[in-house]
Amino acid sequence: YENLTPEQKAVYAEVARGRSRVSGPFGVWLHNPPLAGAANKLVLAVREHGKLEKRLDELVGLIGAGHDGAQDAWAAHEPAANKPGGSATPEAQQG
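Note that this is a predicted model, so its numbers are computed, not measured.

## A short note on the overall build of the chain
Stage number 1. Within the chain, the regular secondary structure consists of 6 helices and 0 strands.
Stage number 2. Ordered by position from N to C terminus, the α and β elements of the chain give α-α-α-α-α-α.
Stage number 3. Within the chain, the fraction of its 95 residues that count as buried is 21%.
Stage number 4. Considering only intrachain contacts with a sequence separation of at least 6, the fraction spanning at least 24 residues in the chain is 31%.
Stage number 5. Of the accessible surface of the chain, which amounts to about 6600 Å², a share of 58% is contributed by carbon and sulfur atoms.

Have a look at this one:
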C-alpha cells in the first residue's frame, strides 16, 4: 500500500469499501487506476442491481472460481455460500 501512487490509493480505498481485503484481479488492476475503478463500479452494479438471488450469485462465484482454479475468488465467495440458506448448504442443495 505504501508504494501506491495517490491515484492508486484513492481507487484502493473505493475497492476496499465493502470487502474484507483487496485481492484477486484488483491487485493487478490497481496498476491502471481508471481500469480498477471501472471494474469496481461494474462489480458493485452487478451486486446491487443484479437479478439473481444472493445465494445464486454466490453459487455462480463458486462455479467460476472452481472452474478457473481461482483460490482468491473461492475464498471470497465460500463464506457466504456456507451461511444458512447459502448455495453450498444441504438445505439449498435440496431445492
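So much for the structure itself; the text now carries on.
## Here we look at the packing of helix H4 (residues 54–68) against helix H5 (residues 71–81)
Stage number 1. It is the contact of H4 with H5, at a shortest axis distance of 9 Å, that shows an interaxial angle of 145°. Our pair here, H4 against H5, has a crossing hand that is left-handed. Residues Glu58, Gly61, Leu62, Ala65 and Gly66 of H4 touch H5, and the partners they reach there are Ala73, Trp74, His77, Glu78, Ala80 and Ala81.
Stage number 2. For the contact of H4 with H5, the residue count by class is 6 nonpolar, 3 polar and 2 charged.

## A closer look at the packing of helix H1 (residues 6–16) against helix H3 (residues 33–49)
Stage number 1. With their axes 9 Å apart at the nearest point, H1 and H3 run at an angle of 15° to one another. Judged on the interaxial angle alone, H3 and H1 are roughly parallel. Judged by the twist between their axes, the crossing of H1 over H3 is left-handed. Facing Glu7, Gln8, Val11, Glu14 and Val15 of H1, the residues of H3 in contact are Pro33, Pro34, Ala36, Gly37 and Asn40.
Stage number 2. Among the residues forming the contact of H1 with H3, the class breakdown is 5 nonpolar, 3 polar and 2 charged.

## Details of the layout of surface pockets
Rolled over the atoms, a probe sized like a water molecule indicates the empty space that remains.
Stage number 1. Counted as a void, the largest pocket has a volume near 1000 Å³.
Stage number 2. Residue assignment for the lining of the largest pocket shows that the elements contributing at least two residues are helix H2 (25–29), H3, H4 and H5.
Stage number 3. For the lining of the largest pocket, the residue count by class is 16 nonpolar, 8 polar and 9 charged.

## A closer look at the pattern of salt bridges
Any two side chains of opposite charge can pair if their charged atoms end up close together.
Stage number 1. A complete count under the given rule lists 2 salt bridges for this structure.
Stage number 2. Measuring nitrogen to oxygen at the nearest pair gives 2.6 Å for the salt bridge that ties glutamate 58 to lysine 54. Residue glutamate 58 and its partner lysine 54 are located together in helix H4, separated by 4 residues, close to a single helical turn.

## Here's the deal with the environment of lysine 9
Stage number 1. Mapped onto the elements, lysine 9 comes out in helix H1.
Stage number 2. We classify lysine 9 as partly exposed; its relative accessible area is 27%.
Stage number 3. Sequence separation between lysine 9 and proline 33 is 24 residues; the distance between their C-alpha atoms is 8.9 Å.
Stage number 4. Setting aside chain neighbours within four positions, we find lysine 9 in contact with Tyr1, Glu2 and Leu4.

## Here's the deal with the confidence of the model for the chain
Stage number 1. This prediction gives the chain a mean pLDDT of 84; 88% of its residues lie at or above 70.
Stage number 2. Of all the helices and strands in the chain, helix H6 (residues 90–93) carries the lowest mean pLDDT, 49, while H1 carries the highest, 95.

Cut-offs used in this document
Residues numbered from 1 in each chain as written. Predicted model: local features only at pLDDT ≥ 70, side-chain atom pairs only at ≥ 80, totals over all residues. Heavy atoms only, no water. Helix = DSSP H or I, 4+ residues; strand = E, 2+ residues; numbered from the N terminus. Buried < 20%, exposed > 50% of the residue type's maximum accessible area, 1.4 Å probe, protein only. Contact = heavy atoms within 4.5 Å. Areas by Shrake-Rupley, 256 points an atom, 1.4 Å probe, with all protein chains shown as cover. Axes fitted to C-alpha atoms, helices over the stretch in contact; angles between N-to-C directions. Left-handed = near helix turned anticlockwise from the far one by under 90°. Nonpolar A, V, L, I, M, F, W, Y, C, P; charged D, E, K, R; others polar. Parallel < 35°, antiparallel > 145°, perpendicular 65-115°, else oblique. 1 Å grid on protein atoms, 1.4 Å probe; cavity = no way out; pocket = protein on both sides within 12 Å on 5 of 7 lines; lining within 4 Å. Points joined across faces, edges and corners; volume = space filled by probe spheres on them. Salt bridge = Lys/Arg side-chain N within 4 Å of Asp/Glu carboxyl O. pLDDT = per-residue confidence, 0-100.

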